[in-house]
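Residues per chain are reported as follows:
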Amino acid sequence: MIRVVLPQHLRTLALVDGEVMLDVGGAITQRSVIDALEDRYPMLRGTIRDQATQRRRDFLRFFACQEDLSHESPDAALPTEVANGTEPLLVIGAIAGG
Amino acid sequence: MSKARVLVGTRKGAFVLTSDGKRKKWKVSGPHFAGWEIYHVKGSPVNPDRLYASQSSGWFGQVIQRSDDGGETWAPVDNKFAYHGVPGTHQWYDGTAHPWEFKRVWHLEPSLTDAETVYAGIEDAALFHSTDGGASWDELSGLREHGSGPRWQPGAGGMCLHTILIDPTNPERMFIAISAAGAFRTDDGGKSWKPINQGLRSQYIPDPTADVGHCVHRIALHPSRPNTLFMQKHWDVMRTDDAGDSWREVSGNLPTDFGFVIDVHAHEPETIYVVPIKSDSEHYPLDGKLRVYRSRSGGEEWEALTKGLPQENCFVNVLRDAMAVDSLDECGIYFGTTGGQVYASADAGDSWEPIVRDLPAVLSVEVQTLS
């Protein structure tokens, strides 16, 4: 299972507590994980990626294993520790603005 | 006994205020959607328990929420606003061509006849509608594809479609307003549109009387006279009696005719309200005195309404969607400020009191009159 940690506002929107556990088929990439997340929680569509462009929102970042993966290709393989469930993929809101 | 329910959108959440018909004691519920910008909340006139809310955030984009119990509980509905086709370009601040990009929903206008139908005015300016209670959205692209689209430009707050008025006597006719393009009308249910800006004069565009480019801040109508519209433009208060074909200025004796809100008394079609703001760069009341101005003659002659409003050291703004009227026997008037106060008058503006006073900056105010 893939573990995803969402920022508080998205946990509230999706009505979840703590980490989200996702069963993701095929290659484990940013795209496949976010696709699975949006399939399971449709209310999150558009909140992490722009609906029209599918690009990550400017004020969000993807962290895992102490690395910033935000600028990796959405189709690049995520770290093995994320793929095997040892480490979560963190969706982080920027510390910015009021 | 009748009741009033006030729907307040703020920079950090939505609030629902309820009172009996006396409108003296208010119960405050909220914040709903805490931490998010709530540009607008509005109820269906067909089913007052059906509310729609525009929830957005610089981090997480746009969400649309729907309530079927008058704001007690909410559920997100569809939030995909996809322009038809290749959306093309409009003018950017520096005059260059800029691609149309969805940013947020400014205004939600439920249908007058069907609780499942609701219109959405968005930034970058376009009009969408849903006929399934928000489960899906479709653009009424005839507006954006009007030939003048490439000449539209954003105001300081963005290129937003912020006002949607439906003619209660003719469902095929609607009016919308865009900053900074102007006002437009459809007579065929949204398929085609024409600019209705003749008579407007705006010194900040190369041709002050151009057909588009005017920064219209708000338009309002009385349901009994849908051919008469009132407009608060960037500067100037305007009026038309021919459904927008021609406008004339009715600023009259206002101390400044800059402002954002304008509204019409629920029972007196010639009684209108504005909140004059000092200037386009000084977005606060003149002389630090918060004054609503009322005209009982449809413009030109205005009186200051001050009883209960701060008359010194007041430097708040009242944004374009932040005034509303109820339809109780004695018409109630409501407005919210960027200082977080919502003021109400239960006597058509003669006297005011804050019904809540320490909210986040208020973006929008609507009121429902409930039986």
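The paragraphs below set out a description of the structure included in this document. Just so you know, these numbers come straight off a predicted model, no measurement behind them.

Quick notes on the overall build of chain A
Okay, step 1: Counting secondary structure elements, chain A contains three helices and five strands.
Okay, step 2: Secondary structure of chain A in N-to-C order comes out as β-α-β-α-β-β-α-β.
Okay, step 3: Here chain A has a C-alpha radius of gyration of 12 Å; the compact-globule value for 98 residues is 13 Å, and the two agree.
Okay, step 4: For chain A, the spread of C-alpha atoms along the principal axes amounts to about 35 × 25 × 25 Å.
Okay, step 5: Taking all 98 residues of chain A together, 24% fall into the buried category.
Okay, step 6: Across chain A, the fraction of contacts at a sequence separation of at least 24, relative to all contacts at a separation of at least 6, is 54%.

Some words on the nonpolar core
Okay, step 1: Core analysis: the largest hydrophobic core is formed by 130 residues, its most contacted members being Val33(A), Val8(B), Ile176(B), Met231(B), Tyr334(B), Val342(B) and Val365(B).
Okay, step 2: By residue number, the principal contributor to this core is strand 15 (residues 174–179) of chain B, which donates five residues.
Okay, step 3: Residues contacting Val8(B), with those up to four places away along its chain left out, are Ala14(B), Phe15(B), Leu17(B), Gly336(B), Val342(B), Leu359(B), Val362(B) and Val365(B).

Comments concerning helix 2 (residues 30–40) of chain A
All names here are of chain A.
Okay, step 1: Residues of helix 2 that are buried: Gln30, Val33, Ile34 and Leu37. An end-on view of helix 2 places all buried positions within 95 degrees of arc, on one side of the element.
Okay, step 2: Buried residues in helix 2 make contact with strand 1 (2–5), strand 2 (20–22), strand 3 (60–64) and strand 5 (89–93).

Focus on the sheet that holds strand 18 (residues 216–221) of chain B
Residue and element names in this part refer to chain B.
Okay, step 1: Spatially, the four strands line up as an open sheet ordered 18-19-20-21, and their pairing is antiparallel. Among the strands making up the open sheet, the edge pair consists of strand 18 and strand 21 (248–249).
Okay, step 2: As paired strands, strand 20 (residues 237–240) and strand 21 are joined by two bridges and run antiparallel to one another. Bridge assignment links Arg239 to a residue of strand 21, and that residue is Arg248.

Digging into the pairing of strand 4 (residues 37–43) of chain B
Working note: regular strand, side chains alternate between the two faces of the sheet.
Residue and element names in this part refer to chain B.
Okay, step 1: Within strand 4, seven of the seven residues are buried, which leaves the element mostly enclosed by the surrounding structure.
Okay, step 2: Pairing of strand 4 with strand 5 (residues 51–57), which is carried by six bridges, proceeds in the antiparallel orientation. Residue pairing for strand 5: Lys42 is matched across the bridge by Tyr52.

Re the interface of chain B and chain A
Okay, step 1: Contacts between the two partners involve 13 residues from chain B, matched on the other side by 16 residues from chain A.
Okay, step 2: Tallying contributions element by element places strand 6 (residues 61–67) of chain B first for the side of chain B that touches chain A, with three residues.
Okay, step 3: Partitioning the side of chain B that touches chain A into residue classes produces six nonpolar, six polar and one charged.

A few points about unusual backbone geometry
Okay, step 1: With an omega dihedral of 5 degrees, the bond running from Gly30(B) to Pro31(B) counts as a cis peptide bond.
Okay, step 2: Looking along the chain, the bond that leaves Ser179(B) and enters Ala180(B) is cis, with omega of 0 degrees.
Okay, step 3: Within the element layout of this structure, Ala180(B) appears in the loop between strand 15 and strand 16 (182–186).
Okay, step 4: Of note in the backbone geometry, Cys65(A) takes a positive phi value of approximately 55 degrees without being a glycine.
Okay, step 5: Within the fold, Cys65(A) resides in the loop between strand 3 and strand 4 (67–68).

Considering the sheet that holds strand 25 (residues 303–305) of chain B
Each strand in a sheet pairs with another by means of backbone hydrogen bonds, the pair being arranged parallel or else antiparallel.
Residue and element names in this part refer to chain B.
Okay, step 1: Spatially, four strands are ordered 22-23-24-25 in an open sheet, and the strand pairing comes out antiparallel. Looking at the sheet topology across the chains shown, the edges are occupied by strand 22 (262–264) and strand 25. Here the strands of the sheet are splayed against their neighbours by 30 degrees on average, with no regard to which way each runs.
Okay, step 2: Judged from the three bridges that link them, strand 24 (residues 292–295) and strand 25 form a sheet pairing that is antiparallel. By the bridge assignment, Val292 is partnered in strand 25 with Leu305.

Focus: the environment of Asp241(B)
All names here are of chain B.
Okay, step 1: Along the chain, Asp241 falls in the loop between strand 20 and strand 21.
Okay, step 2: Residues Asp241 and Glu139, spaced 102 residues apart in sequence, show a C-alpha to C-alpha distance of 29 Å.
Okay, step 3: Once residues lying within four places of it in the same chain are set aside, the contact partners of Asp241 are Asn227 and Thr228.

Looking at the environment of Ala27(A)
All names here are of chain A.
Okay, step 1: Relative to the helices and strands, Ala27 is located in the loop between strand 2 and helix 2.
Okay, step 2: With 48 residues separating them in the primary sequence, Ala27 and Asp75 have C-alpha atoms 8.6 Å apart.
Okay, step 3: Leaving out residues up to four positions away in the same chain, Ala27 has contacts with Ser32 and Ala77.

Criteria and thresholds
- Residues numbered from 1 in each chain as written.
- Chains lettered and ligands numbered in written order.
- Predicted model: local features only at pLDDT ≥ 70, side-chain atom pairs only at ≥ 80, totals over all residues.
- Helix = DSSP H or I, 4+ residues; strand = E, 2+ residues; numbered from the N terminus.
- Rg over C-alpha atoms; globule rule 2.2 N^0.38 Å.
- Buried ≥ 20, exposed ≤ 12 C-beta atoms within 10 Å, placed from the backbone.
- Contact = placed C-beta atoms within 7 Å.
- Core = buried A, V, L, I, M, F, W, Y, C linked by C-beta atoms within 7 Å.
- Arc of directions from axis to C-beta.
- Pairing = 2+ DSSP bridges.
- Nonpolar A, V, L, I, M, F, W, Y, C, P; charged D, E, K, R; others polar.
- Axes fitted to C-alpha atoms, helices over the stretch in contact; angles between N-to-C directions.

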